[in-house]
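Observations on the three-dimensional arrangement
Residue strings, one per chain:
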Amino acid sequence: MATVSGVVRRSHRIAIVMSAHGRFLECRHCLLRVRFAAGSHYEVIAKQFESHSCDSLIPSKDEAPRVA
């Protein structure tokens, strides 16, 4: 995870999604989706996520509100 001005940018959390429309790899945080066709290798398809940053942001530990 990378920190940018008090906010942490997450790494993609990739899941395999199967539906009537086909099989996909999808980031569970930002919902980026790539078709995972039959016969494709997971590693090859998963590398496509590396060129996209995960748009899901979370507060860093330093910036998180404190509960009294």
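I will try to describe carefully the structure that is included in this document. (Residues numbered from 1 in each chain as written. Predicted model: local features only at pLDDT ≥ 70, side-chain atom pairs only at ≥ 80, totals over all residues. Heavy atoms only, no water.)

When helices and strands are tallied, the protein shows one helix and six strands. A total of 68 residues make up the protein; the buried ones form 22% of that total. Look at the contacts in the protein between residues 6 or more apart in sequence, and 38% of them connect residues 24 or more apart. Carbon and sulfur atoms make up 53% of the accessible area of the protein, which amounts to about 5,300 Å² in all. (Helix = DSSP H or I, 4+ residues; strand = E, 2+ residues; numbered from the N terminus. Buried < 20%, exposed > 50% of the residue type's maximum accessible area, 1.4 Å probe, protein only. Contact = heavy atoms within 4.5 Å. Areas by Shrake-Rupley, 256 points an atom, 1.4 Å probe, with all protein chains shown as cover.)

Its identity is not glycine, yet Leu-31 carries a phi of approximately 70°, on the positive side. The topology assignment puts Leu-31 in the loop between strand E4 (22–27) and strand E5 (33–35). Judged by relative accessible area, Leu-31 falls into the exposed class, the value being 55%.

Moving on, we get to the pattern of salt bridges. Counted according to the given criterion, the structure contains one salt bridge. Note that Arg-33 and Glu-26 form a salt bridge whose closest N and O atoms lie 2.8 Å from each other. A relative accessible area of 41% means that Arg-33 is categorised as partly exposed. (Salt bridge = Lys/Arg side-chain N within 4 Å of Asp/Glu carboxyl O.)

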